[in-house]
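# Descriptive structure summary
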Amino acid sequence: ALVFLDADTIVCRSLVKYACAMDKADVAFVPVPPARWHAGGQLRLSYDVDLSTPEANTGALFLRRTPKALDLLNHWSRTYRDLRRA
């Protein structure tokens, strides 16, 4: 599994059990509580994301090397690049 941590993330305990639990999931993350979503529902509507889909706290992501996870990273990279150019 790949563990992605923000530069300001402080690891308080071992992440091994989370990385080892990735036997079935392509991507795992801690969800952001709905009251703290970025830009509320506006970004979700702009990108046609179902309102019941949790927002990912990207301070800690766990990914397996699978086509779905790699597609997600590529999509994320393209979208971020497009947002920076807007």
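Quantities reported herein were computed from a predicted structural model and do not represent experimental measurements.

### Considering the pairing of strand S3 (residues 55-63)
- Sheet topology places strand S1 (residues 2-5) next to S3; four bridges connect them, and they run antiparallel. In the sheet register, Val3 faces S3, and the bridge partner there is Phe62.
- Pairing between strand S2 (residues 27-32) and S3: six bridges, direction antiparallel. Bridge pairing links Val27 to Leu63 in S3.

### Focus on the packing of aromatic side chains
- By the definition in use, this model includes one aromatic pair.
- A ring pair is formed by Phe4 and Trp76, whose centres lie 6.3 Å apart and whose planes are at 70 degrees; its orientation type is edge-to-face. Of this pair, Phe4 sits in strand S1 while Trp76 sits in helix H3 (residues 67-85); the two residues are 72 residues apart in sequence, bridging distant segments of the chain.
- The class for Phe4 is partly exposed, based on a relative accessible area of 37%.

### A few points about a positive patch on the surface
- A surface patch of positive charge is lined by Arg78, Arg81, Arg84 and Arg85.
- Checked against the element boundaries, Arg78 lands in helix H3.
- The class of Arg78 is partly exposed, set by a relative accessible area of 42%.

### Concerning the sheet that holds S1
- Here three strands make up an open sheet; going across it, the order is S1-S3-S2 and the pairing antiparallel. In this open sheet, the two strands that pair with only one neighbour each are S1 and S2. Taking the axes of each pair of neighbouring strands and ignoring which way they run, one obtains an average angle of 30 degrees across the sheet.
- Relative to S3, H3 is tilted by about 135 degrees, and along the sheet it contacts S2 and S3.

### Re the environment of Tyr18
- In this fold, Tyr18 is placed in helix H1 (residues 16-20).
- Residues Tyr18 and Phe29, 11 residues apart in the sequence, show an inter-C-alpha distance of 9.8 Å.
- When near neighbours in sequence (up to four residues on either side) are disregarded, Tyr18 contacts Arg13 and Phe62.

Rules behind the numbers
- Residues numbered from 1 in each chain as written.
- Predicted model: local features only at pLDDT ≥ 70, side-chain atom pairs only at ≥ 80, totals over all residues.
- Heavy atoms only, no water.
- Pairing = 2+ DSSP bridges.
- Helix = DSSP H or I, 4+ residues; strand = E, 2+ residues; numbered from the N terminus.
- Phe/Tyr/Trp six-rings, centres within 6.5 Å; stacked < 30°, edge-to-face > 60°.
- Buried < 20%, exposed > 50% of the residue type's maximum accessible area, 1.4 Å probe, protein only.
- Patch = residues over 30% accessible without salt bridge, like charges linked within 9 Å, V, L, I, M, F, W, Y side chains within 5 Å.
- Areas by Shrake-Rupley, 256 points an atom, 1.4 Å probe, with all protein chains shown as cover.
- Salt bridge = Lys/Arg side-chain N within 4 Å of Asp/Glu carboxyl O.
- Lys, Arg positive; Asp, Glu negative; His and termini not counted.
- Charge placed at Lys NZ, Arg CZ, Asp CG, Glu CD.
- Axes fitted to C-alpha atoms, helices over the stretch in contact; angles between N-to-C directions.
- Contact = heavy atoms within 4.5 Å.

By themselves, these are just geometric observations and shouldn't be taken as functional.
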